[in-house]
Protein chains: 2
Amino acid sequence: MNQLENFTFDELTVGQTAEYSKTLGEDEIILFAAVSGDVNPVHLDADFASTTLFRERIAHGMYTGGLISAALAMKLPGPGTIYLGQTLKFERPVKLGDTITVRLTVLEKIAGKNHVSLDTTATNQHGKTVVSGTATVLAPKEKVRMESPTLPDIKIQR
Amino acid sequence: MNQLENFTFDELTVGQTAEYSKTLGEDEIILFAAVSGDVNPVHLDADFASTTLFRERIAHGMYTGGLISAALAMKLPGPGTIYLGQTLKFERPVKLGDTITVRLTVLEKIAGKNHVSLDTTATNQHGKTVVSGTATVLAPKEKVRMESPTLPDIKIQR
C-alpha cells in the first residue's frame with residue numbers, strides 16, 4: 001500500500017465497497033497489548049487461555065476495531081476522513097494465524113453535513129463474521145493523492 | 001499494575017466505577033500504526049497534519065477505543081470478561097502528550113445472562129471528553145487473582 005488516494009464526499013456512492021485484510025500474528029498481540037496496556041492473560045498466556053471458553057489465546061477485540069478504522073482511513077473514504085462514531089458487535093474470537101478481512105459498504109450519504117455511514121463487517125478466513133457494526137465519518141472534501149508514510153522498524157526482544 | 005483481580009457478576013453493583021489512564025507518546029502512535037496498518041499521514045506526518053482541521057498530529061481514534069477495552073479487561077470487571085459490544089462517539093482529537101483517563105460506570109446488570117452494560121467515557125487532562133460510549137460485556141462467573149503477565153521489550157528503531 002505505497003500510494004494513498006481518497007474518495008471525496010462527492011465521489012462516494014451508496015453501495016460502494018472496499019476491503020482491507022491483515023493476518024494476526026504473535027507480534028500483533030504483543031504490540032496491541034503494549035499500546036493499550038491490556039496485558040490480560042487470555043491474550044498473552046497460553047496456559048491461562050487454555051482454561052477459558054476460547055481454549056486458546058485470542059486477539060484483543062479492539063484489534064479488529066483497529067482494522068476497521070484502518071480500512072476507513074486508508075481505503076474508503078481514505079486520507080482526510082474524520083471518524084465520528086462506530087458501533088461494534090464482537091461475534092466470534094480472532095485466533096493466532098487468522099486472516100481478518102474488513103469489508104466496508106457505503107450505506108448513506110448525508111449531504112450538507114458531508115456525513116457518511118458505512119457498514120463495517122470483519123470476517124475470518126472461513127467466511128465467518130467476527131465483528132459487525134456501522135461507522136459514521138465526515139468524508140473528505142478535497143482529493144488527496146500521496147505516498148504512504150513508512151514506519152520505523154519495530155523489534156520485539158524476546 | 002502487577003496484580004490482576006476481577007469482579008464477578010455477583011460482586012458488581014450498579015454505579016460502581018473504575019478508572020484507567022495512559023499518556024499518548026510518539027511510540028504509541030507508531031505502534032498503533034504498525035499493529036493496525038493505518039499509516040494515515042494525519043497520525044505520522046507533522047507537515048501533512050499541519051494542513052488539516054487539527055493542525056497537528058493526532059492519535060488514531062481507535063487508540064482510545066483500545067484504552068476503553070483495556071480498562072474493561074484489566075479493571076472492571078477485569079480478567080475473564082468477554083467483550084460483547086461497544087459504541088464509540090469520537091468527540092475531540094487526542095494529541096501528543098495528552099493523558100487520557102477512561103472512566104467506567106456500571107449502568108445495568110442483566111441477571112441470568114450475566115450481561116453488564118457500562119458507561120465508557122474517556123477524558124483528557126483538561127477534563128474534556130474525547131470519546132464517549134457504552135460497553136456490553138459478559139461478566140466473569142469465577143474470581144480471578146493472578147500476577148499480571150509481563151511483555152517483552154519493544155524497540156522502535158528510528
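Coordinates for the structure precede this section.
These remarks concern the structure in this document.

Cut-offs and rules
- Residues numbered from 1 in each chain as written.
- Chains lettered and ligands numbered in written order.
- Predicted model: local features only at pLDDT ≥ 70, side-chain atom pairs only at ≥ 80, totals over all residues.
- Heavy atoms only, no water.
- Contact = heavy atoms within 4.5 Å.
- Buried area = accessible area lost by both parts, 1.4 Å probe.
- Salt bridge = Lys/Arg side-chain N within 4 Å of Asp/Glu carboxyl O.
- Polar contact = N/O pair within 3.5 Å; in protein donor to acceptor, adjacent residues only side chain to side chain.
- Nonpolar A, V, L, I, M, F, W, Y, C, P; charged D, E, K, R; others polar.
- Pairing = 2+ DSSP bridges.
- Helix = DSSP H or I, 4+ residues; strand = E, 2+ residues; numbered from the N terminus.
- Phe/Tyr/Trp six-rings, centres within 6.5 Å; stacked < 30°, edge-to-face > 60°.
- Buried < 20%, exposed > 50% of the residue type's maximum accessible area, 1.4 Å probe, protein only.
- Lys NZ or Arg CZ within 6 Å of the ring centre and 35° of its normal.
- Least-squares fit on C-alpha atoms with pLDDT ≥ 70 in both.

## So, the interface of chain B and chain A
Reasoning step 1: On the side of chain A, 52 residues touch chain B, which itself brings 51 residues to the contact.
Reasoning step 2: For the pair chain B and chain A, the two sides together bury roughly 4500 Å², of which 72% comes from carbon and sulfur.
Reasoning step 3: Broken down residue by residue, the surface that chain B buries against chain A is led by Val35, Met62 and Leu151 of chain B, which jointly contribute 14%.
Reasoning step 4: Counting every contact that joins chain B to chain A gives zero salt bridges.
Reasoning step 5: Seen at the junction of chain B and chain A, the total is 16 residue pairs in polar contact (both at pLDDT 80 or more).
Reasoning step 6: The residue inventory of the side of chain B that touches chain A, partitioned by class, reads 33 nonpolar, 11 polar and seven charged.
Reasoning step 7: Bridge count between strand E3 (residues 82–90) of chain A and strand E3 (residues 82–90) of chain B: five bridges; the pairing is antiparallel. Within E3 of chain B, the residue paired with Lys89 of chain A across the bridge is Gly85 of chain B.

## Description of the packing of aromatic side chains
Reasoning step 1: Summed over the entire model, instances satisfying the criterion amount to three aromatic pairs over all chains.
Reasoning step 2: Centroid distance Phe32 of chain A to Phe32 of chain B: 6.1 Å. Interplanar angle 55 degrees. Geometry classified as tilted. Pair noted here: Phe32 of chain A is in helix H1 (residues 26–36) and Phe32 of chain B is in helix H1 (residues 26–36), and the two residues belong to different chains. Both residues of the pair, Phe32 of chain A and Phe32 of chain B, belong to the buried class.
Reasoning step 3: Ring centres of Phe90 of chain A and Tyr83 of chain B lie 4.4 Å apart, and the angle between their planes is 25 degrees; this geometry places the pair in the stacked category. Highlighted residues: Phe90 of chain A in strand E3 and Tyr83 of chain B in strand E3, drawn from two different chains.
Reasoning step 4: When its relative accessible area of 12% is taken as the criterion, Phe90 of chain A is described as buried.
Reasoning step 5: Exposure remark for Tyr83 of chain B: the relative accessible area of 15% places this residue in the buried category.
Reasoning step 6: Sitting over the ring of Phe9 of chain B, Lys109 of chain B keeps its end group 4.6 Å from the ring centre.
Reasoning step 7: One residue, Lys143 of chain B, lies across the ring of Phe7 of chain B, its end atom 5.6 Å from the ring centre.

## A few points about the relation of the copies chain B and chain A
The two chain copies are related to each other by a rotation about an axis together with a translation along it.
Reasoning step 1: Placing chain B over chain A gives an RMSD of 0.0 Å and needs a rotation angle of 180 degrees, together with 0.0 Å of translation along the axis. Both chain copies can therefore be described as sitting about a two-fold axis. Minimal C-alpha distance to the rotation axis in chain B is attained by Thr87 of chain B, lying at 2.2 Å.

## Some words on the environment of Phe90 of chain B
Reasoning step 1: Between the alpha carbons of Phe90 of chain B and Gly80 of chain B there is a distance of 28 Å; along the sequence they are 10 residues apart.
Reasoning step 2: Contacts of Phe90 of chain B, omitting those with residues within four sequence positions, involve Tyr83, Leu84, Gly85 and Gln86 of chain A together with Gly61, Met62, Val130 and Val131 of chain B.

## A word on H1 of chain B
All names here are of chain B.
Reasoning step 1: Of all 11 residues that make up H1, eight are buried, and the element is covered over most of its length.
Reasoning step 2: Turning to H1, its buried residues are Glu28, Ile29, Ile30, Leu31, Phe32, Ala33, Val35 and Ser36.
Reasoning step 3: Positive phi appears at Gly37, one or two residues downstream of H1, with a value of about 85 degrees.

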